[in-house]
Amino acid sequence: MDASPAEGPDPFSRVLPLPFRLELEIVLGFWLWALNLHGFYLLNIDIFTLIRYPTRPAEDEPPLHVSTYRLAGLLTGLWMGAMVLFWHFTGGQADLVIAYDWIPNLLFLAFLAIFLVPRFGFAKAIFGSTNASGVTRLFHGLRRVALGGIAGPRPEKFGDVLLADALTSYAKPISEVFVAFCMFFKGVHTTDRPDRLCGHELIVPLALAWPFVIRLRQCLKEGQWANAAKYATAFPVLALSSLARTNEGLQFFWRLAAITNSLYSFWWDVSMDWDLTLLSKQRHMQPFGLRQQRVFRLPMVYYLVVAFDIVLRFAWSFKLSLHLVYLDGIEGGIFLLEIMELLRRWVWVYFRVETEWVRSTPAASVPL
């Protein structure tokens with residue numbers, strides 16, 4: 001490959017280069033989903049019914065969350081092994097960090113191979129004959145929602161909605177994948193300083209917008225106009241962010257678009273996704289602003305989650321900002337924002353599934 005730019009990777013990227021960060025976010029996603037499944041299991045929320053999972057584990061097989069933990073553990077082992085090997089060979093030296101980009105590149109191929117394993121017979125010994133279909137079902141779901149499709153039966157629709165909403169939280173990492181590929185095909189080492197101007201004019205904005213296009217199309221197909229409007233408000237944020245880097249006069253409009261999107265999304269989370277009355281004209285009085293039927297009995301849990309959600313909803317706008325590429329020394333900050341968004345989505349899933357369970361089972365009430 002060609003020589004890297006003179007400045008080389010920044011200090012944070014010498015320790016944790018872009019490809020390793022993206023792979024870590026994939027691993028974290030599986031850990032968080034496993035924790036979600038484990039929580040549903042402990043709370044007696046039947047996730048199989050809610051998302052119409054094809055088959056339940058047999059009596060001699062581990063629960064679904066256990067097999068997901070196993071997959072997450074396998075991915076973690078591969079990531080940590082590659083990371084230790086990378087640190088051993090590079091020692092944080094910029095030229096060596098650049099030269100050993102083949103390690104995270106091979107790790108990506110290893111991850112891809114792991115995701116293809118469940119179709120083979122020996123995977124049953126690792127994940128169980130029933131749970132081995134989970135990764136396969138994930139890819140089937142991704143293929144269905146990739147262009148904004150959604151399953152026909154209602155329970156399967158809910159699973160597709162969860163998957164597509166998760167993709168919106170991965171919007172920034174998805175765009176970073178395109179940055180890494182762009183660097184690779186331009187002959188720049190992927191462990192060098194991330195060149196976020198690579199594909200910045202078209203590819204990266206489209207990659208950022210793609211998950212929101214998916215949810216927008218799903219909502220339009222279902223006739224959910226107000227929900228569709230929520231996802232549509234993301235596009236002015238992206239467009240104005242791209243334009244504002246060359247026209248400071250648009251900064252005000254970008255901030256206005258970001259505030260609008262954040263507030264609308266926050267209101268939708270609280271009032272529509274979680275069925276809480278905190279932001280409604282007619283509030284439930286006991287406990288204040290919540291609802292009568294709740295799986296989590298402690299009201300403070302809901303108040304803390306609402307506060308957590310609004311803070312990270314506003315951080316989302318900065319995470320998606322395209323003109324952040326012109327600021328120096330923020331690789332660690334961008335990565336932190338991406339991780340925080342994944343954590344926000346993890347919490348959101350608990351309460352979105354809890355709400356769906358309460359809707360379908362009015363008597364559901366499990367003390368926390």
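Residues numbered from 1 in each chain as written. Predicted model: local features only at pLDDT ≥ 70, side-chain atom pairs only at ≥ 80, totals over all residues. Heavy atoms only, no water.

If you check an unreviewed UniProt entry, the protein appears there as Related to ERD1, required for retention of luminal ER s from Lecanosticta acicola. Turning to the protein, the UniProt record has this under Subcellular location (unreviewed entry): "Membrane". (UniProt positions renumbered as here; feature names shortened; annotations may be inferred.)

Re the nonpolar core
In terms of nonpolar packing, the biggest core is built from 31 residues, with F40, I45, I47, L50, W274, F351 and V353 touching the most fellow members. Only α2 (18-42), α3 (47-51), α9 (154-169), α14 (251-273), α15 (299-319) and α16 (331-360) provide two or more residues apiece to this core. Looking at this core, the element that brings in the most residues is α16, giving eight residues. If you look at the next biggest cluster of nonpolar residues, it comprises 20 residues, including L16, F20, W79 and F111. (Core = buried A, V, L, I, M, F, W, Y, C linked by side-chain atoms within 4.5 Å. Buried < 20%, exposed > 50% of the residue type's maximum accessible area, 1.4 Å probe, protein only. Helix = DSSP H or I, 4+ residues; strand = E, 2+ residues; numbered from the N terminus.)

Describing the side chain of T76
By the element assignment, T76 lies in helix α4 (residues 64-90). Assessed through its relative accessible area of 18%, T76 is described here as buried.

A closer look at the side chain of R215
Tracing the sequence through the fold places R215 in helix α11 (residues 203-221). Not counting residues up to four positions away in its chain, the partners in contact with R215 are V161, A164, D165, T168, N227 and Y231. (Contact = heavy atoms within 4.5 Å.)

Let's talk about the packing of helix α10 (residues 171-185) against α11
It is at 8 Å that the axes of α10 and α11 come closest, and there the two elements cross at 150 degrees. As summarised for this structure, α10 and α11 are arranged roughly antiparallel, according to the angle between their axes. Helix-helix and strand crossings are classified by hand; for α10 and α11 the assignment is right-handed. Residues A171, K172, I174, S175, F178 and V179 of α10 form the contact with α11, whose participating residues are I203, V204, A207, L208, W210, P211 and F212. Partitioning the contact of α10 with α11 into residue classes produces 11 nonpolar, one polar and one charged. (Axes fitted to C-alpha atoms, helices over the stretch in contact; angles between N-to-C directions. Parallel < 35°, antiparallel > 145°, perpendicular 65-115°, else oblique. Left-handed = near helix turned anticlockwise from the far one by under 90°. Nonpolar A, V, L, I, M, F, W, Y, C, P; charged D, E, K, R; others polar.)

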